[in-house]
Amino acid sequence: MVIVLGAVMMMVATTAVTIAVSGTRSSKSSEDWNAALAAAYAGVEEYQNRLANDSTYSKYGNPASSFSAASGSSVSLPTAPANPAFGVGKAGTWASVPGSDARANFRYEVDNSKYSAKGVLTLRSTGRVGTTTRTVVADLKQKGFIDFLYFTNYEVRDPSQGGASCTPSWSWEKANSCTKIQFAPSDEMNGPMHSNDTLSLCGRFKGEVTTANNKSPNFEKACTSPVFEAGQPKTSQTIGMPPTNAEMKRETRSDLPQDVPRPGCLYTGPTQITLLDTGKMRVISPYTKFTNVAGNNSSSGTNPAKCGQPGTTNGNLGSPGGAEIDVINENLVYVQDVPTTSVDKNYTATGVYPTSFSCTNGDSNATKGGWVFSSGAAASRYPMRDEVAPAAVTPAHYGCRKGDAYVEGTLKGTMTIAAQNYVYVVNDLLYKDAGTNILGLVGGNSVWVWNPIKCTRYDTDWRGNPTTTCDRSEFELDANRTINAAILAVAHSFSVQNYDKGSSKRGTLTVNGAIAQVFRGPVATTGSTGYDKSYNYDLRLRVTAPPKFLSPTSTTYGVSQIGSVGNAYNADGSAP
């Protein structure tokens with residue numbers, strides 16, 4: 001039988017072993033049976049502790065283990081210190097359960113074959129007491145942002161992206177003058193939530209709500225009666241956001257076979273990705289020269305066929321129609337800024353542009369970006385023709401040399417799309433099969449819901465000639481939007497462009513997955529513009545993660561599933 005088990009049960013394993021091996025026994029065989037199971041649990045807990053202390057420990061194991069070999073895992077024994085729990089066979093070692101006077105032991109074997117694709121490690125742990133052994137198999141998943149439907153570090157608007165000029169702080173720890181954002185009466189949150197800051201709550205909350213605020217009360221009411229279906233907000237620990245997503249680029253290196261056995265795909269500069277429900281995707285990336293790199297300075301590169309071929313030939317990444325390739329299944333795509341050092345194989349000098357590509361506001365884009373690729377019916381451009389410029393942010397929208405991913409479509413597969421700068425969701429993002437498909441979106445700065453306004457009539461001067469001042473405008477896209485993804489904005493926010501424009505609500509923004517951000521990103525005003533929220537937690541994220549998804553700066557591994565199986569070893573270490 002397989003059961004879901006929390007880390008708390010792991011903590012009692014040592015106590016259970018101690019009682020069983022030292023207490024008065026009415027039936028030695030029964031006591032040893034239970035104690036051996038507790039010793040197996042203790043092995044799982046001990047391995048969890050090693051992972052918490054060394055995030056790279058997942059690569060260690062015994063390659064001689066049949067369990068590891070059968071799964072296709074790539075493991076090696078640690079050199080120092082050695083781990084006796086990695087013993088196999090009759091001559092192999094066992095680790096002792098602390099407090100048992102070496103009368104209770106365990107050994108374990110690692111399956112890391114699903115770690116890069118799903119963020120899951122499988123451990124087979126065997127406990128031994130006397131002549132009795134018991135074996136359990138546990139799935140371990142790193143605890144992180146996707147444990148929550150909604151996560152923020154600060155519940156204020158980003159000072160660099162439209163918020164008041166201020167020094168951010170957790171309001172429960174230190175007062176600040178930042179622009180606070182609150183939940184609205186119509187908001188509905190269908191899943192667990194956490195903020196390191198003080199939440200200002202209104203609406204309906206169907207999952208557990210936690211905050212790092214250790215004061216009482218630990219939240220603020222933004223209306224008279226917010227509804228908490230899982231109980232009042234609880235105080236929990238802070239969760240640290242990594243400063244960048246640069247480590248994800250490392251997953252596109254071809255020279256690290258031990259750490260990166262299956263490199264993803266690297267694209268450079270503004271890159272458009274259209275997901276097709278056939279299991280393919282169309283990628284347009286004019287600046288890209290090499291899709292895998294090697295060396296810390298990316299001084300060499302290769303172009304595996306799976307990523308599409310650079311160049312302007314029809315069907316290549318730099319052609320107007322782009323390259324149609326298979327989804328990089330169980331892997332990631334990383335979109336980087338155009339490198340500024342000439343040794344980098346994807347370097348392009350300032351002022352030099354790919355074929356048919358132009359920067360409409362120069363290369364620097366300090367306050368205003370823009371680019372056009374190709375011409376005529378095949379042309380793609382941001383901002384679009386006659387688009388009313390969205391509110392200024394830092395970095396500027398639509399940077400000509402920025403690592404921005406423009407994403408839309410229907411995914412068939414599992415994949416993570418990460419961008420060094422912004423991810424723009426330019427239309428709906430859907431799953432072909434909501435039971436098996438998973439998408440991760442990671443913006444190094446922000447993730448934007450593209451919500452453009454198009455000018456339909458311009459003012460005229462005294463001669464009757466049109467000016468650049470817009471007199472009448474309208475939203476370009478359909479009102480309601482749906483995004484199926486686990487979303488992470490590493491340095492800034494998940495936000496809607498032009499959320500405060502128009503004279504009425506745009507509709508409902510539906511997110512099925514998870515949202516994590518440093519600053520609270522606005523999607524509506526307290527008046528009548530923007531979107532109502534319908535945020536729904538993807539329950540699958542409790543036990544699996546999008547491929548190679550980013551984790552908190554400090555994390556632990558929780559047991560998502562555990563079950564008792566047939567014994568892997570006899571008490572003398574031999575196979576049954």
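Residues numbered from 1 in each chain as written. Predicted model: local features only at pLDDT ≥ 70, side-chain atom pairs only at ≥ 80, totals over all residues. Heavy atoms only, no water.

### Focus on the pairing of strand 3 (residues 104–111)
And then number 1: The buried fraction of strand 3 is high, at eight of eight residues.
And then number 2: Residues Ala104, Phe106, Tyr108 and Val110 of strand 3 are buried on one face, and the alternating residues Asn105, Arg107, Glu109 and Asp111, pointing to the opposite face, are buried as well.
And then number 3: Both strand 2 (residues 95–96) and strand 3 contribute to a ladder of two bridges, which runs antiparallel. By the bridge assignment for strand 3, Ser96 is matched with Asn105.
And then number 4: Across eight bridges, the pairing between strand 3 and strand 4 (residues 120–129) is antiparallel. Residue pairing across strands places Ala104 opposite Val129, the latter belonging to strand 4. (Buried < 20%, exposed > 50% of the residue type's maximum accessible area, 1.4 Å probe, protein only. Helix = DSSP H or I, 4+ residues; strand = E, 2+ residues; numbered from the N terminus. Pairing = 2+ DSSP bridges.)

### Comments concerning the confidence of the model for the protein
And then number 1: Looking at the protein as a whole, its pLDDT mean stands at 90, while 95% of the residues score no less than 70.
And then number 2: Segment residues 1–26 is flagged for pLDDT under 50; beyond a separation of four residues in sequence, or across chains, it makes 50 contacts in the model. (pLDDT = per-residue confidence, 0-100. Contact = heavy atoms within 4.5 Å.)

### Observations concerning the packing of aromatic side chains
And then number 1: Counted by the stated rule, this structure contains 26 aromatic pairs.
And then number 2: On the basis of an interplanar angle of 35 degrees and a centroid distance of 5.5 Å, the ring pair of Tyr398 and Tyr424 is categorised as tilted. Of the two residues, Tyr398 is situated in the loop between strand 24 (380–382) and strand 25 (405–411) and Tyr424 in strand 27 (residues 422–431); the sequence distance between them amounts to 26 residues. Here Tyr398 matches Tyr424 in class, with each residue buried.
And then number 3: An aromatic cluster is built from Tyr287, Phe357, Trp371, Phe373, Tyr382, Tyr398, Tyr406, Tyr422, Tyr424, Trp448 and Trp450, whose rings are joined through pairwise contacts.
And then number 4: It is Arg506 that lies over the ring of Phe475; its NZ or CZ is 4.1 Å from the centre. (Phe/Tyr/Trp six-rings, centres within 6.5 Å; stacked < 30°, edge-to-face > 60°. Lys NZ or Arg CZ within 6 Å of the ring centre and 35° of its normal.)

### Side note on the sheet that holds strand 23 (residues 371–373)
Where strands meet in a sheet, backbone hydrogen bonds hold them as pairs that are either parallel or antiparallel.
And then number 1: The three strands lie next to each other as 22-23-24, forming an open sheet whose pairing is antiparallel. For this open sheet the edge positions go to strand 22 (357–359) and strand 24, each flanked by a neighbour on one side alone. Across the sheet, the mean angle from the axis of one strand to that of its neighbour is 5 degrees, orientation sign disregarded. (Axes fitted to C-alpha atoms, helices over the stretch in contact; angles between N-to-C directions.)

### Regarding the pattern of salt bridges
And then number 1: Tallied over the full model, the rule gives 22 salt bridges.
And then number 2: With a closest N to O distance of 3.9 Å, Asp101 and Arg103 form a salt bridge.
And then number 3: For Asp101, a relative accessible area of 65% puts it in the exposed group.
And then number 4: A salt bridge links Asp532 to Lys505; its shortest N-O distance comes to 2.7 Å. Taken together, the residues Asp532 in strand 35 (residues 530–537) and Lys505 in strand 34 (residues 505–519) connect sequence positions 27 residues apart.
And then number 5: Looking at Asp532, the relative accessible area reads 22%, which means it is partly exposed. (Salt bridge = Lys/Arg side-chain N within 4 Å of Asp/Glu carboxyl O.)

### Some points on the nonpolar core
And then number 1: With 84 residues, the main nonpolar core has Met281, Ile483, Phe494 and Leu509 as its most contacted residues.
And then number 2: Here this core takes seven residues from strand 34, the largest share from any one element.
And then number 3: Setting aside its immediate chain neighbours within four residues, Met281 contacts Ile273, Thr274, Leu275, Leu276, Ala323, Glu324, Ile325, Asp326, Val327, Ile328, Val333 and Met415. (Core = buried A, V, L, I, M, F, W, Y, C linked by side-chain atoms within 4.5 Å.)

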